Every structure is written in structure tokens, then in C-alpha cells.
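Residues per chain, in single letters:
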Amino acid sequence: MDIDFGTIMFFALAIVAVVPAFMVVLARDIVRVAFWLLASLCGVAGLYILLGADFLGLTQVLVYIGGILVLILFGIMMTSKDPLHEKATASGKRSPVTGLVTGALVFAVLAAVIVGVGFEENKGVSGGEPTTTKLGEVLLTDYVLPFELVSVLLLFVLCGAAYMARRRREDAHA
Amino acid sequence: MLLTLATFLPLLGMVVVLLLPKDNKNLIRWTATAFAVAAFIPILMITVGYAGGKGIPAPETLRAEAAAVVAAAPAAERGRITALLADARANTPTLREFTPADPKHLSDGDKKSLAAKAEIVALEKAGSYDAWHEAWELTLAAASPISQDIRYMEYGTWIPALNIHYMMGTDGLSMPLIFLTGLLWVLCFVYSFSIENGVKGYFALFLLLQTGLIGVFCALDFFLFYVFWEIVLLPMYFLIGYWGGANRLYAAIKFFIYTLVGSVLMLVAMLALYWKDGFDTFNLLTLTSLSGSFDIGFQTWIFLALFMGFAIKVPVFPFHTWLPDAHVQAPTAVSVVLAGVLLKMGGYGFYRFSYTLAPDAGISEMMVLLIGGLGLINIVYGALCAMAQKDFKSLVAYSSVSHMGFVLLGLAAMTTEGIQGSVLQMFNHGVSSAMMFLLVGVLYERAHHRDLDRFGGIGLQMPYYTGFAIIGFFASLGLPGLNGFISEMLVFMGAFNSETFFAGSSTVFALPRWIVYLALPGVVLTAGYILWTVQRVYMGTAKKEEYKTFPDLNWREVFSLTPLAALCIILGVMPQLVLDPMNATLDHLRAFIVAGGVN
Amino acid sequence: MQNSIDTARKVVAEGMSGLLPELLLAALVCVLLLADLFLRGVKPRATAWIAVVGFVACGAALVQRYGAHAEIFGWVQSDGPRGMLLNDHFAWFFQMFVLAAALVCVPMAMDHAAFRSRRMGEFYALLAAATLGMFLMASSTNLLMAYLGIEFASMASYLATAIDKRDRAGSEGGLKYVIYGSVASGVMIYGISLLYGMTGSMHYGDIARALQVHAATEGQLMIAAVLIFAGFAYKMAAFPMHFWCPDVYQGAPTPVTAFLSVASKAAGFAAFVRFLAAFTAHDGTFFIGFGDEKVPASFGWPVIIGGAAALSMTVGNLGALWQTNVKRLLAYSSIAQAGYLLMAVAVYAAGKGQPSGGDLAPLIYYFVAYFFMNLGAFHVITVIGSRTGATSVADFAGLGRRAPWMAFGLGLCLLSLLGMPPTGGFVGKLQLLSAAVKHDLLWLAILAGINTAISAFYYFKLLKCMYLDRSDAGVIRSGAANMAVLAVLVAPVLILGLAFSPIADLSRGFGF
């Protein structure tokens, strides 16, 4: 097995993705969990870029790190009375055995499938070239219908979310 | 037309009753009774007509229908259809594709089948497949040995998409039961005038029940039969559940679930027959005509699935536990029809469906021992249970279990006398158990309890009532000169004779004689509990002062009891009144089964 | 570049003309959201009427599309089109089905206590959006589209469940719905990515073709297939994704429950059957292994789906036995019904491998019957519930006297759900059992039979309450409009049981 730069990078990013993921589960303070998640998501984004999916990698950074993670932190900040106090994720202790066994089983099955299947036969676009142009083109040609439908979906989900979040006027008066 | 009238007049009656004002109870009662009487008129006409040999025999009707179907087909296809019908059995439609390995080595039979298959495919292309299929069904049905005794047949298309037909007819097997249904309904309605609570619903449901029952006994299309079978369930549930005793809800749902389990299994068997080899037919006569060719494995499981459906209804031990509950909780008239006719649906089903659709399975060792053995258990166990009862109605209910055992015993014997006795026992039990439940009801209306140990001396107070009671109970006991004796006697003769009769037969498994020996004590036990009951209730002195104030029978009660008492006596002296019309049917049926469905 | 844009322009132009009903629904969503702002205080029911008009217009457009067979929004390749949506008879039936359910839910919602005198534009907009999502589910020929349709319908359903913010049960149901839904869709998309990796496409035709030439082993495919099935099963409320069902059905406002139990389930089945057809194309055989070691195999769909069907029925029926809340009881009943319907799908999968071919007629017929009996039952529960506040089975005591027609309607629907003749449910179940027996799934038929007997317990619990339990409560006035809706829903239950020949014939025309 010849070790080149790509391989080294892969393992480095894989460690960045997986080890913090474990910490997300194991850490007891929710703020720490959020930051471990940040690291893990960064690792995944790096893997995407390494595999030639540059647009996907950047989207991952923008959406998950820039959007969702920040939202989580805001949520923690706004809902807690004392931001500096430690917040436990779970109350009481549970036996980890069930979780470990289930997780290991699911991992084994999925790993077996992924390793066993000949994905090579369906290799996608070649690595190296930037994918943004190609993606943009495909989104507005072959996948134009799903693309447009997502916009309708977002429209009514936004309205619905606003409706859910809004305090009803009757409540406010009462 | 007569059968349709008899079946659907009660349904019309139900609609009319529902439209009547709720508060005019007498109007509702009389209207319902009028419809029961109206339905009884065509039934009487059929009964008398059938006994007198009138009515168009089914094969004629079926052939005429087949001819009409062929005539309605396009002229170009008629010749092809007629040619295929010439040997309808050989040219059976089949889904089984058979491709011979080497066409040169085809046997003559294979060649013929292949030729027929090609013809059928050609018909399919020409769009005349349905016409041919219906003509094929009808031709085979006409050829079935079962259909030769069926008369007053009515035939029409109901649901072409699934090949379901409205096919009704009656023969010596169903005719007595239809007669019994018609009679009991008139008697029950007159008796039920004392119902004061929810009169409208009561009579409406009762009329619906009648439609279901007459339909069950007339239907010759399996699907139609199933629909009627299920229609019986619902009014029964509500009749027990609304007008019953203290524990009525439990009894009602128990009755319903038990029967539903059985009927669902029956449904699966019915569908298996429909799809069997691509026959695509629910026509019972067509299926009986083909049943001889079913392999024994298929027959066995069809038999068992149907057995579950019918055994629960009979009820056969160990599926009998719903019966005492239902009987004890049900109002009197409902008990009467439950014991009188509903239980006969099971026995009728054995004869009409189980044994004709799976004849080889029916005469196999396993089934003979199963049916005969369960019959034995029913007789003895039912009698023992009856003896242990404190509740009068419960006692009569268990006596039904015991008496229905004779039906099974005669059936398992498969001898002429056995079968005659068995079918006659169904009719006789319908008369005597109906009478017994009426008698219990009369007493309950006065005493408001049914505890056997608290009665006594009723005979002195209510002499007319006691007279009827003696007839009813002794008929049930099997006293010579009354109807029960004849049928039990015939069953025992037939069952005893089975081993001699089938001595050399390699196909039919004879009912072993030890079963008969073991069943004999049942008769003694029956005599025991009935005499004991008569002694406890009617003899001696009144145990309570209030018993001395009991009025004797009123006109409604006399009206309900008299015909049944008369039947008990008349059929005890002249059983041929019932036996003669059904002899031919039962002989042909027996010959058909014993031959393993080959005709 | 220019070339592909031209092609895209052409594809969009062609696709749009075949997309009128969907476009109308999307427009209806926007109109309702706006109307809600402008019509506030003018007339509380105005938005409901707009919704009715919109649904009817969509229905008219759909009727116009009847008989079409076009794969739209795709690109043509030498061996066939690669569309996003396929408008055919099958899709048409389920779209009409969903639309009719939505239309029936409007008067139900107008009558429902929680919705009276409140701004309902948002609710109807959500209803329209859910309908649009289910339209897409029914016609999708691409896993991406199917997934998007499911998300579309789910998002709208989550919001509709929690629409009554005063109702804690509704909010709780909505939240549970979201959480379980996210899990289901996550599992599904994992399966999709596996299958995509194996076959190189998300288009059903491509998947079918890929399975013909090369693929993974049967076990690997089965993992992917089962993961994807989980997503569909969530919409069907079938085992193993049924956990959300009781809480959501109980918590949601009854009209929403009614819509979910009928339309959402139907759309889930439609989408799944389409996906299944890709797997079982070409006589149900496909090849496993690589290169020269390819061997034809028949995938274990009948067993997988049959197993899910058996477990759905059993879990649903056993769960329903101890329920005292009517909506919860019907939720479990709906899980059981999903089991019966899955049986039809299992039979279809089994039939695909045989010369006679798969037959979808039993599924279609059962759905027609299910539409009327389930909506009829929920209609009565809405009407009675909004007048008396009845929620538990015991609250329905004496309904036979208090509201005779409503009780009769509900009774008939329950008997139909149970499968007693002469109702549509019986004929539907008969066809299901019949098909199962025909395709040698005898064990499934017998299990379904036993389940039917079990279900009698709880259907009769309600029937018993209505007719056999006495109650002194007063007579309930249901109103003429509700009576009319009842008649429209209940009369077909009887018709489908007595004179079902034409409909049975018709149902044969909606397969593939």
C-alpha cells in the first residue's frame, strides 16, 4: 500500500470526522457537544472536498456550520438563564450496553454492504474539476422540477413555521 | 320464484317494520307476524310441492340456462363452444401449463387436452371465453349427481366480474330445514308479543335473521351462501346483546367471535376452491362434480377448514362453549331459533359442503374417527354436563350439545340408516329443542328465575303446560312413539352397521363399533337428566306459595306450542312424512360420497 | 451548454402542459396564504370556499388528464425516457383519490369545533400543499422525486397536526410526528444513497435495467430495499414505522386525522408500488453477482412485504383491543388496515414473478372501499365530537337513539372495516384474500382471516356502545350539510358491497 498525500489526508480528515462524533455522544455539557459537532462537520466537509465534491463540501460548511450549528448555539444561549453554567444532556444514567450493541450491529451490517458492493462500476464525475458549474447546469435542466418544487416547499414551511412560532393574538390579550 | 319470495319477504318485512311508528307496538307486532306468515306460504307450497314430486328438476333448469348462454354467444363461436361442452369434464379450463418434453410421445389424452386448450385459447381471443365458461359450469353442474334431486332452482347472474351467481334451490336435505325455519318464525313471533322493550328493532332484526337463514339453506353458490351465513351473525349479536339476560354482552360477543373465526376459515377454503386449477367458479354443483379429482391433500385441508366453520356452529366439542352462554342469556324466542335452526346450519354445512367438496377426505380414517369420535364426546359429555346444571335453560342448552352428537355419529357411519337418522335428527331436534326452550321461557316469565332446585309441583298448578312439557321432554329423551326415538334409533342402527356394511371396502373407513358401544350410555344419561328434571320441576308440591298463583298457558303460548307438540307425536308415528321426501336425496348423496366423488 | 439549455427549455415546456393540476395546487397554496391575510374578518368561511373551488378546479384539470401516459420532466435516451414524473392511469387514480379526500376534509374542517371562527387559511393552504406532495408521490418515477413528495406531504402534515395551538395533545402529536418522521426519512435517504451507489441512478427504469445487468448480492440489495421501504412504510403507517400513528391520530384535529389516515396512506402505497415495480420489472427475475457469475434470482419481496403485512395487522389489531379513545382505536385499526393493504402489495410482488403477471386490482378496490368507510367513520366522529365533545368510546353510548342516522353510518363503516357482508369492506377483503390464495400466500390469507376475527372485538366495542349501552343524554342535531356528507360517504359503502361489478371491472384499469 503506497502512501500518498491523498491517503494521509483521508485518514486525517476521517479522524477529525469520527473522533469528535464520538465525543458528541459522550460529552455531558451541551455547549461542548455543539463544538464537538462543529469539528465533526468540518471533517465531513473536508472529506467531501477531498473526494472532489467541492460544492458539496462548501455547502456543508455554509448550511451545517454557518446555519444550523450557530442556530443551536443561539438556542442554548437564549433559552438558558445562566449561559456559563454546565448543562447536562441527559438526566440519570443509562446502561450503554444496549446502545453499543445496536450501534455495532447497524455499523456491521452497513459496513458489510458498503464494502461488499461494487460501487466502482458507478463512479461519478472525475475528480479535480470544479463541480459547481456542472451542478448548476443540472439543477436547471434535468433536475429543474425538484429544484422548483423545493422552493414551494420552503415557502409554505416558512409560513407554517411563522404560524407556529407566532403568539396568537387572543393569547396576548388574555 | 317461490324460494326468492320465501327468502326476501322477511327482508321486505324488515324494511316495512322499520318504517312503522315506534310507539305503535301492536302494529309492529302484527305486521312482523304477517310477514312471517307471508313467507311461510311459499315455504309450505314448496314443501308440499316437493313432497309431491313437483318442481322443475335442477338439471333441466341448468341445461336450459346453458343452452341460453350458448345461444347468446356469437354465431361464429357457437360450434366451438358446443364441441367443447360435449365432454365438459375433460375440457376443464386450467391454469396449469403443461409443455410435454417431446411432442412425439404425447399420449392420446394429452393430445386431446392440448387440442381443447387451443380451442379455449381461441375462444378467449374471440371474446367468448366467459360465455363458454358459464356454459361449462352449468353443464357440469347439471351432470352432478347432487343436482338431480334439487328442484325449484333459480338461476341468475349477480356479479359477473367474479363469476358469482344468484343460484337457489332446494332438495330433500334443505327442504325440511326451510320448512322448520318458516314454521318456527311464525311461532316465535306470536310468542314474542310479550316483548315490550325496543319492539321495532327486535322484530326488524328477527326478520333479517330469517332472510339469512332461509338463504343459507337455499343458496347453491358458495359466495351467496357465505353472504347469507354472515348475515345471520349480525342480527343474532344484537338480539342477544340487547334483549338478553344480565350477562348478555359477554354472551353476544362470544357468539359472534366464535362464529366469525369459523366463517373466516370457511372463506379461505372457499377461495382455495375458486382458484383450484383455474376453475374460477363458486358454483357448488360444478365444484362437486369436479371434487372427485382433487388430490387427497387438498381435500383434507379443505375439509378441515370447512370443518372448523361448521363445527363451531353445530357446536362440536371443544368449540361448544359459546352455546350455553348464548342460550342462557338470549331471550326465549332467540333461544328457540338458535337451537331450532341456527345449529342446523352446521350440520347442513357438513352434508352440503364438507362431504361433497372433499369426499375422499370425508371417508378417510382420520376424518371418520374425528367426526365419529367428536360425535361420541358430544353425546356423552353433553349429557353429563346437562345433568350437572342448576339452570333450567343451561340444561336444555347442554342437551342440544348432546343431541347434535347423534348428527355427527350418523354422518360418520356413512350408512343409509345412519345418514337418514342423522338428517332426521336435525329436524327432530329442531322441533323438540325449540319446544323445550319455549317451555322454559313460559316458566321463566312467571317465576323470573330458572333454578331447577327451587321449582316443584308445577304440574298441579299448570296442568296444560305440564302436558306440553311432558311431550317435549319425552320427545327429546327418545321415548318410543315420539319423534326423537326414530332418529336416534336410526343413527344407532346405522352406526352399528357400518363395520358390516363397509367390510370389504378398501376406500371407505367404517365407523368402528366401539364408538357406538361407548355412545350407548348417552341414551341412559339423557333419560336420567330429563326424568330428573321432570321430577324436580313438575312433580311434588310447590316449593313456594307464589307458584300456586301461576296462571296456565295463555292463547299465544298454546299457539306456539301446539304445532310443535303435534309434530313430535306425528313424526313419532309416521316418520315417513319427512323421511320419504329426503330418502332419494340422501341415497344419492351417500352414494356420491362413498364412491369418492366419482359419478 | 446552449444545447442543453434548449433541451431543458423544451422539456420544461412539455412538462408544464402535463402538470396543470399540480400547478393549480401550488397556486392554491399561495392564494390561500394571501387570502387569509386579506379576507380576515370579512367572512370566516371564505377561505374554505376558496379551497373548495381550488380543489374542484384541480379535479377538472385532473379529469382532463385522464388517459394520459407521459413521462415528464426528463431527458430521452436511446432505451427510454428518464422522467421525474409519470402520468398514467395508476397515478391518476391515486391523485383523484387524494384530491377527493382533501375535498371531503374541507366540510369536515368547517364543522370541527377547533376550527370554527378562526383563521383557517393556513390550514387549507397546508391541506393543499399536502395534496400536492401526495400528487408527486403517486406519479414519481424517480427516488429523488418520491423522497421530495414524501417530504412535501410530511411537512404539511406535521404542521396540520399541530395547527390547533391551544390543544396540547395536538402539539405533542405534531412534535412526535416530526421526530419519528425525521428518523424515517433519514433511514430512507440512507437506503436511497446505497441503492444509487449500486445502480448508478435514482430513476426507476434505470434501476430496473441496472438490476438486470449487474448489481450487488441479494443480501446487500435487501438491506438497501428495506431501508427505503421504511420511508414508505412511515407514510403507510405500516409496521415497522407505525409508532407515531396512535399519538398523532389522537392528537390531531379529527379532520386532519381523517385526511392522514386515508390520503397519506394511499399516497404512501402508490409511491411504494411504483418503486416496487422497478425491482420486479422483467418478470420479477434479476441478476445477482458480478460479471460471468451472474445468476437469475427472485428477490424476497413477497416474504418481506408479506411479513410486514402480517406484523402490521397483528400489531394494529392487538393494539386496538385495549383502546378507549375512539381516535386512538381507529389509529390502530388503520395500522391493521395498512397490513391488509400490504397483503395486496405482497400478492402483486408474488404475481410479478408468474406468467399471469401482477394484479393491482385488489389494492385499488380495497382503497376505494377504504376511502368511504374510513372517511365515513371519521366524519361521524367529527360531527359527534364537535357537538358533544365525545372522545372516548364510552361517550358514544346510546348513539343509536341520540343520533340514529349518524350511528347507522358509523356502524356500517365499522362493519365494513371489519369486513362483513354486504359492505364494500367485505368485497375488498374478499378480493385481497382471494388474490393471496391464488398466489400461494395461503399463510398470509389465514393470518388475515384470524386477524379479522380479532378485530371484531374492538369494532364491536364501539358498535356495542352505540346500540346496546343505554344513555340518558339528549338527542344530537347533526345539521343537513353533515347529513348530506354522511350520505355521500356511506351510501357507496353499501353499493360497493352489493353491486360492485362495475367498480371491480374499473379497478382493473388502474394498474400498470
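S.K.: Hey, could you run me through the overall build of chain B in this one?
M.R.: On a plain count of helices and strands, chain B comes out with 24 helices and 2 strands. Over its C-alpha atoms chain B spans a radius of gyration of 25 Å, differing by no more than 12% from the 25 Å that the globule rule assigns to 599 residues. When the backbone C-alpha atoms are referred to their principal axes, chain B occupies close to 95 × 60 × 45 Å. Relative to its full complement of 599 residues, chain B shows a buried share of 60%. Considering only contacts within chain B whose residues lie at least 6 apart along the sequence, 81% involve residues at least 24 apart.

S.K.: Help me out: how do you make sense of the overall build of chain A in this one?
M.R.: Counting its regular elements, chain A contains 7 helices and 0 strands. Starting at the N terminus, the α and β elements of chain A follow one another as α-α-α-α-α-α-α. Scored against the burial criterion, the 174 residues of chain A give a buried share of 13%. Restricting the contact set of chain A to residue pairs at least 6 apart, pairs at least 24 apart contribute 57%.

S.K.: Sorry, what's going on with the domain arrangement of chain B here?
M.R.: Residue and element names in this part refer to chain B. Taken as a whole, chain B is organised into domain 1 (1–57 + 155–347), domain 2 (58–149) and domain 3 (362–593). Each of domain 1 and domain 3 has a C-alpha centre, and the two are 22 Å apart. For the side of domain 1 that touches domain 3, the element with the highest residue contribution is helix α14 (residues 332–357), accounting for 9 residues. Tallied by class, residues from the side of domain 1 that touches domain 3 come to 24 nonpolar, 8 polar and 2 charged.

S.K.: Even after reading the chapter, I still don't get the interface of chain B and chain C, so can you show me in this structure?
M.R.: How large an interface is tends to be reported as the accessible area lost when its parts come together. Taken together, the contact between chain B and chain C spans 25 residues of the former and 22 residues of the latter. When residues of the side of chain B that touches chain C are traced back to their parent elements, those giving at least two are α9 (222–243) and α10 (248–275) of chain B. No other element matches α10(B), which puts 14 residues into the side of chain B that touches chain C. Here the side of chain B that touches chain C is composed, by residue class, of 23 nonpolar, 1 polar and 1 charged.

S.K.: When you look at the arrangement of the chains in this model, what are you seeing that I'm missing?
M.R.: Highest in contacts among the 2 pairs of chains that touch are chains A and C. Across all C-alpha pairs, the smallest distance from chain A to chain B is 39 Å, and the two are not in contact.

S.K.: Would you explain the interface of chain A and chain C in this entry?
M.R.: Taken together, the contact pairs 26 residues of chain A with 37 residues of chain C. Taken together, the elements giving at least two residues each to the side of chain A that touches chain C come down to α4 (96–116), α5 (132–140) and α6 (144–165) of chain A. Tallying contributions element by element places α6(A) first for the side of chain A that touches chain C, with 13 residues. Here the side of chain A that touches chain C is composed, by residue class, of 17 nonpolar, 5 polar and 4 charged.

S.K.: Mind showing me how you'd approach the nonpolar core here?
M.R.: When a protein is soluble and globular, its nonpolar side chains tend to lie buried together. Of all hydrophobic cores here, the largest spans 455 residues; its most connected members are Met343(C) and Val345(C). Val345(C) has contacts with Phe269(C), Phe272(C), Val273(C), Leu276(C), Ile305(C) and Leu363(C), leaving out every residue within four places of it along the chain. Ranked by size, the runner-up nonpolar core spans 6 residues in total, among them Trp36(A), Leu37(A), Val44(A) and Ala45(A).

S.K.: What is the right way to read helix α11 (residues 254–279) of chain C from this model?
M.R.: Two residues of an α-helix separated by three or four positions point the same way, owing to the 3.6 residues in each turn. Taking 1.5 Å per residue as the helical rise, α11(C) with its 26 residues ought to reach 38 Å, and the 37 Å between its terminal C-alpha atoms agrees with that figure. The sharpest bend along α11(C) reaches about 30 degrees and sits at Leu260(C).

S.K.: Just checking my understanding: could you explain unusual backbone geometry for this structure?
M.R.: With the exception of glycine, the majority of residues adopt a negative phi angle, and the majority of peptide bonds are in the trans configuration. At the junction of Phe317(B) and Pro318(B), the peptide bond is cis and its omega measures out at 5 degrees in the coordinates. Residue Pro422(C) follows Pro421(C) across a cis peptide bond; omega there is 0 degrees. With respect to the helices, strands and loops of the structure, Pro422(C) is situated in the loop between α16 (404–418) and α17 (424–438). Positive phi is not limited to glycine here, since Asn163(B) has a value of about 60 degrees. Within the element layout of this structure, Asn163(B) appears in the loop between β1 (151–159) and β2 (164–170). Although it is not a glycine, Ala237(C) adopts a positive phi angle of roughly 60 degrees.

S.K.: Can you walk me through α14(B) in this structure?
M.R.: Residue and element names in this part refer to chain B. When the terminal C-alpha atoms of α14 are compared, their 36 Å separation across 26 residues agrees well with the 38 Å that a helix rising 1.5 Å per residue should span. Considering bend angle alone, the principal kink of α14 is centred on Leu-338 and spans about 40 degrees. The element α14 is extensively covered by neighbouring structure, given that 26 of its 26 residues are classed as buried.

S.K.: What am I meant to see in the confidence of the model for chain A here?
M.R.: When pLDDT drops low, the exact placement of atoms in the prediction is not to be read closely. With 80% of its residues at a pLDDT of 70 or more, chain A shows a mean pLDDT of 79. The weakest mean pLDDT in chain A belongs to helix α7 (residues 169–173) of chain A at 48; the strongest belongs to helix α2 (residues 30–50) of chain A at 89.

S.K.: How should I be thinking about the packing of helix α18 (residues 416–447) of chain B against helix α20 (residues 463–477) of chain B in this particular structure?
M.R.: When two helices pack together, their arrangement is given by the angle between the helix axes and the distance between those axes. Residues and elements named next belong to chain B. Packing of α18 against α20 brings their axes to within 9 Å, and their N-to-C directions diverge by 145 degrees. Two packed elements cross with a definite hand, and for α18 against α20 that hand is left-handed. Across the interface between the two elements, Ser-432, Ser-433, Met-435, Met-436, Leu-439 and Val-442 of α18 pack against Tyr-465, Phe-468, Ala-469, Gly-472, Phe-473, Ala-475 and Ser-476 of α20. For the contact of α18 with α20, a count of residues per class yields 9 nonpolar, 4 polar and no charged.

S.K.: Looking at this model, I keep getting lost on the confidence of the model for chain B. Mind explaining?
M.R.: Looking at chain B, the pLDDT average stands at 86 and 96% of residues meet or exceed 70. Listed scores for the predicted complex are pTM 0.87 and ipTM 0.84.

S.K.: Teacher, can you tell me more about the packing of α16(C) against helix α19 (residues 480–498) of chain C here?
M.R.: Residues and elements named next belong to chain C. Interaxial distance between α16 and α19 falls to 10 Å at its minimum, and their mutual angle equals 35 degrees. For α16 against α19, the interelement crossing comes out left-handed. Residue-level inspection shows Trp-405, Met-406, Gly-409, Leu-412, Cys-413 and Ser-416 of α16 in contact with α19, the latter providing Met-483, Leu-486, Val-490, Val-493 and Leu-494. Here the contact of α16 with α19 is built from residues that sort into 9 nonpolar, 2 polar and no charged.

S.K.: Could you clarify how one ought to interpret the pairing of β1(B) in this entry?
M.R.: Residues and elements named next belong to chain B. By the bridge criterion, 6 bridges tie β1 to β2 in an arrangement that is antiparallel. Looking at β2, one finds that Glu-154 is bridged to Met-168. Connecting β1 to the antiparallel partner β2 that follows it, the hairpin turn spans 4 residues, and Asn-163 within it adopts a positive phi of roughly 60 degrees.

How each quantity is defined
Residues numbered from 1 in each chain as written. Chains lettered and ligands numbered in written order. Predicted model: local features only at pLDDT ≥ 70, side-chain atom pairs only at ≥ 80, totals over all residues. Helix = DSSP H or I, 4+ residues; strand = E, 2+ residues; numbered from the N terminus. Rg over C-alpha atoms; globule rule 2.2 N^0.38 Å. Buried ≥ 20, exposed ≤ 12 C-beta atoms within 10 Å, placed from the backbone. Contact = placed C-beta atoms within 7 Å. Domains from an automatic or database assignment. Nonpolar A, V, L, I, M, F, W, Y, C, P; charged D, E, K, R; others polar. Core = buried A, V, L, I, M, F, W, Y, C linked by C-beta atoms within 7 Å. Expected span 1.5 Å × (residues − 1). Bend = angle between axes of the 7 residues up to and from the residue. pLDDT = per-residue confidence, 0-100. Axes fitted to C-alpha atoms, helices over the stretch in contact; angles between N-to-C directions. Left-handed = near helix turned anticlockwise from the far one by under 90°. Pairing = 2+ DSSP bridges.

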